[in-house]
Amino acid sequence: MIRKEAGLAFWLDWVEHRGGLWEDAGDTALALLPAALASELELPEETAATADPDVAREDGALLLVTGHPVVAKAAESVLAAGDTGTLTLAAPRSVPPDAVTLLSKAREHLPVDHGRLDPRSDAPPERALRPVLRVGALVGYELSAEDHFQEQVEVYVDVPSRLRVPAGVSERLARTGHDPRAETALPAGLAAALDYASTSRPDLAAALAKAHRMLEAAAVLRRDGLAGQIGDAYAKERGRAEEYYAAAVDSLERRAATAPEDRAALLRARIESTREERARRLAEIAEKYRARHTLTPYRLHLLRVPVLCLALDVRRGDRRYPLDLDWLLPAGEFAPLRCPACAQSGAPLVAAKTHLGCARCLAPKRPTPESVPPPRDGAGAHAAVSAERAAAPVRAGATIAVGPSAARNAEAAGGAAPRSRGEAKAGRIAEASAARAASARPAAPGHAESPPQRRSVDPQALQKRAFTFWEHAAGGDRRKLERLCAPDSPAAALLRLYGAAGPLYGIGVGFQERVESCSVSVFPAEGRRGWDSAGGEVHTDRGRHDYLLRWSPGPDRLIVEVLPHRTPYAMNASTVMARYRSGGTEPATRLPRTGAELDPVAHLLWQRTPARHGAHLAARALASWWRLTAPQALRERYPAAVLAAAAERSACYWSGVGGGGYGDAALLWQVPEADLRKAGTHLQRLLKLTQDQPW
């Protein structure tokens, strides 16, 4: 009972570590402190401590909770001493899987395109120890002069691959106890030699540097998210200061206009001093709300995890490429694996004719807008238009030079571009020939006419709309963005979550990045399932980010999606790759915390889906959930986790990405599969999702 409060539990453990003793007395804990420790803490050697204010008031016990100076002093002592060492984890007592089981798990976990995993020999898997770094740090956030926060962060890094260990695996490793026999099984000198042989110093240094970069990146994202919550306070204080100095300067200017010359000179001097004071005051306000963070590492554990080494070969015909996998016995998972060719992760392996690589390093080069394939029906209205490649400033009325195909698109969309007499005559002859050919071609008996092809609008209009969209996003004009986006769409969901910054967050732009320019390439609709889209890059003061805007096929031509891809072909390639990845698409950048009010289902979707499938698929799931007219009735019938899992599964299924099966979704969300199927069927009956509209 006494250890329920975290601060008191930590202090009691610290006292025991420093040589003291303590006994649970119900509502209080009686601690016996050594003389040196009692003198250091300025407490009696027999101290009664409690976390209950009423007990402390009645019995005179010391109230120790998180934030108490005695607890803070103990925490500072622990941080100053650090927590370092080597720890060998204990292997589970259960029977380990045999070679056949491990091979089947490897084939399921690691599909290889154009190749097959086969055992290298008939020998059983060998036992070994795999090094994993556990690094912990205390992060202090300073968001303003008054707002300060502290958080504990921790990361597990696999030393051989220098990759982050998944959260589920790290939780199992943290719960695994150490092997007491590892300290006495070998002499000290031989044990140290084995430690050095199994984990070289360069590998440790590289893994430690990677862990530091992970902690720093997580701290920056967390800092930006916290800073976004006080952005309104900064804007209000800056606005008040600007209004005050603007009114002061305006009053002085009016007085100087009617004052005598000698008095006007003094007033003009006061105007200059007021402007200088305004600049100083605005700089002070900006410095007051400048977000900072400090990283204080305190824990460094080298975990030696027992594994089963599986020696495999990736076969493609007669070619064999060696591949070694380690099965982490305490976690029941394979250790992270890097691509043997490019040393990257996250993409499926591909057995090429010359070497073993991944889909990222062996994929063909991304097609440029100049190499867009011709339309299937040969109509000029469906030709993809390449806009100016150079970064163009994001400003109203920005235009781009358009090639001949764009002019044909403009004419097909009803534009009134003048043509010469010969060109007009040739065009009329071509149109008459096409009409005669269509009328002379009879329809096949028993077959209905195919639906009409979607026709694109003027490509120049799409370019201007794309520039206008990013101009309003950079300027923070939410109302104008809402007029450009279709209601109940993923783009509208981003606006609902973050306001005008939602589209920028959706493509990976950070909180403190400043948009400078953008480039636009237009891809008009092609075929019955085409979408008018525009892609390119948004340039900021810290880098560039790919984007793809998609317009609705209706007559209103409103933006429905903001995707983190540069071209429709890149989007299709990412979707195809996601089908072969059990965890969904490659996780996107962590998004800041939203200030919008979310119901329990929407909160779960935005908390979990972006990290697994990306912000664009999470926006699709939220858009479909918010499209429901009576969500309260569903929440009364199904748990929130079941509804969130059903919405995410539906978005994955109709988007064509991985994780669209009921069994995978039930396992991922830890919900009953039967309930998930019922909720999914109910949602589909209400939403009527299709491949053309997966939200």
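Look up: the structure comes first, before these words.
Residues numbered from 1 in each chain as written. Predicted model: local features only at pLDDT ≥ 70, side-chain atom pairs only at ≥ 80, totals over all residues. Heavy atoms only, no water.

### Considerations on the overall build of the protein chain
Tallying secondary structure elements over the protein chain gives 23 helices and 21 strands in all. Considering the protein chain as a whole, with its 695 residues, one finds that 41% of them fall into the buried category. Considering only residue pairs separated by 6 or more positions, the protein chain has 65% of its internal contacts joining residues 24 or more positions apart. About 37300 Å² of surface is accessible on the protein chain, with carbon and sulfur atoms providing 52% of the total. (Helix = DSSP H or I, 4+ residues; strand = E, 2+ residues; numbered from the N terminus. Buried < 20%, exposed > 50% of the residue type's maximum accessible area, 1.4 Å probe, protein only. Contact = heavy atoms within 4.5 Å. Areas by Shrake-Rupley, 256 points an atom, 1.4 Å probe, with all protein chains shown as cover.)

### Some details on the side chain of Glu 648
Within the fold, Glu 648 resides in helix α21 (residues 640-655). In this structure Glu 648 touches Leu 605, Thr 609, Arg 612, His 613, Leu 617, Ala 621, Leu 668 and Trp 669, once residues within four positions along its chain are discounted.

### A few points about the packing of aromatic side chains
Counting across every chain of the model gives eight aromatic pairs. The interplanar angle of 75° and the centroid separation of 5.0 Å between the aromatic rings of Tyr 244 and Tyr 245 together place this pair among those described as edge-to-face. The class for Tyr 244 is exposed, based on a relative accessible area of 55%. Judged by relative accessible area, which is 7%, Tyr 245 ranks as buried. With 4.9 Å between their ring centres and 80° between their planes, Trp 327 and Phe 334 make a pair best called edge-to-face. Exposure class is identical for Trp 327 and Phe 334. Each is buried. In textbook terms, an aromatic cluster arises when at least three aromatic residues are bridged by ring pairs, as seen for Phe 469, Trp 470 and Tyr 547. Positioned over the ring face of Trp 626 is Arg 496, at 3.8 Å from the centre of the ring. In this structure, Arg 649 is placed above the aromatic ring of Tyr 662, and the distance from its NZ or CZ to the ring centre is 4.0 Å. (Phe/Tyr/Trp six-rings, centres within 6.5 Å; stacked < 30°, edge-to-face > 60°. Lys NZ or Arg CZ within 6 Å of the ring centre and 35° of its normal.)

### Quick look at the sheet that holds strand β14 (residues 349-351)
Here we have three strands laid out as an open sheet, ordered β6-β14-β15, and mixed in their pairing. The outermost strands of the open sheet, each flanked by one partner alone, are β6 (112-113) and β15 (356-358). The pairing of β14 with β15 spans three bridges and is antiparallel. Note on β15: the bridge partner recorded for Val 350 is Gly 357. (Pairing = 2+ DSSP bridges.)

### Regarding a negative patch on the surface
A surface patch of like charges, here negative, comprises Glu 23, Asp 24, Asp 27, Asp 52, Glu 58 and Asp 59. Locating Glu 58 in the fold gives a position in helix α3 (residues 53-59). (Patch = residues over 30% accessible without salt bridge, like charges linked within 9 Å, V, L, I, M, F, W, Y side chains within 5 Å. Salt bridge = Lys/Arg side-chain N within 4 Å of Asp/Glu carboxyl O. Lys, Arg positive; Asp, Glu negative; His and termini not counted. Charge placed at Lys NZ, Arg CZ, Asp CG, Glu CD.)

### Quick look at the side chain of Thr 609
Examined against the element boundaries, Thr 609 turns out to sit in helix α18 (residues 600-613). On the accessibility criterion, Thr 609 (0% relative accessible area) is buried. Polar side-chain contacts of Thr 609 include one of 2.8 Å to the side chain of Glu 648. Thr 609 has contacts with Leu 604, Gly 614, Leu 617, Ala 618, Glu 648 and Trp 669, leaving out every residue within four places of it along the chain. (Polar contact = N/O pair within 3.5 Å; in protein donor to acceptor, adjacent residues only side chain to side chain.)

### A closer look at the sheet that holds strand β1 (residues 21-24)
Spatially, four strands are ordered β1-β2-β3-β4 in an open sheet, and the strand pairing comes out mixed. Edge positions in the open sheet fall to β1 and β4 (62-63), since each of these has one partner strand only. Examined bridge by bridge, strand β2 (residues 29-32) and strand β3 (residues 46-50) share four bridges and lie antiparallel to one another. Bridge pairing links Ala 29 to Ala 49 in β3.

### Some remarks on the pattern of salt bridges
Within the structure shown, the criterion is met by 36 salt bridges. Across the pair Glu 253 and Arg 275 runs a salt bridge whose closest N-O atoms are separated by 2.9 Å. Placement of the pair is Glu 253 in helix α9 (residues 231-258) and Arg 275 in helix α10 (residues 261-288), with a sequence separation of 22 residues. Judged by relative accessible area, which is 36%, Glu 253 ranks as partly exposed. Across the pair Glu 287 and Arg 292 runs a salt bridge whose closest N-O atoms are separated by 2.1 Å. Accessibility expressed as a relative area gives 29% for Arg 292, which makes it partly exposed. Salt bridges here are not isolated pairs; linked through shared partners, they connect Glu 146, Glu 237, Arg 281, Glu 284 and Lys 288.

### Some points on the nonpolar core
With 65 residues, the main nonpolar core has Trp 470, Leu 549 and Trp 625 as its most contacted residues. Among all residues touching Leu 549, those that are not within four sequence positions of it are Ala 466, Phe 469, Trp 470, Asp 532, Ser 533, Ala 534, Ile 559, Glu 561 and Val 562. Listed in part, the 25 residues of the second largest apolar core include Leu 143, Leu 226, Ala 291 and Leu 302. (Core = buried A, V, L, I, M, F, W, Y, C linked by side-chain atoms within 4.5 Å.)

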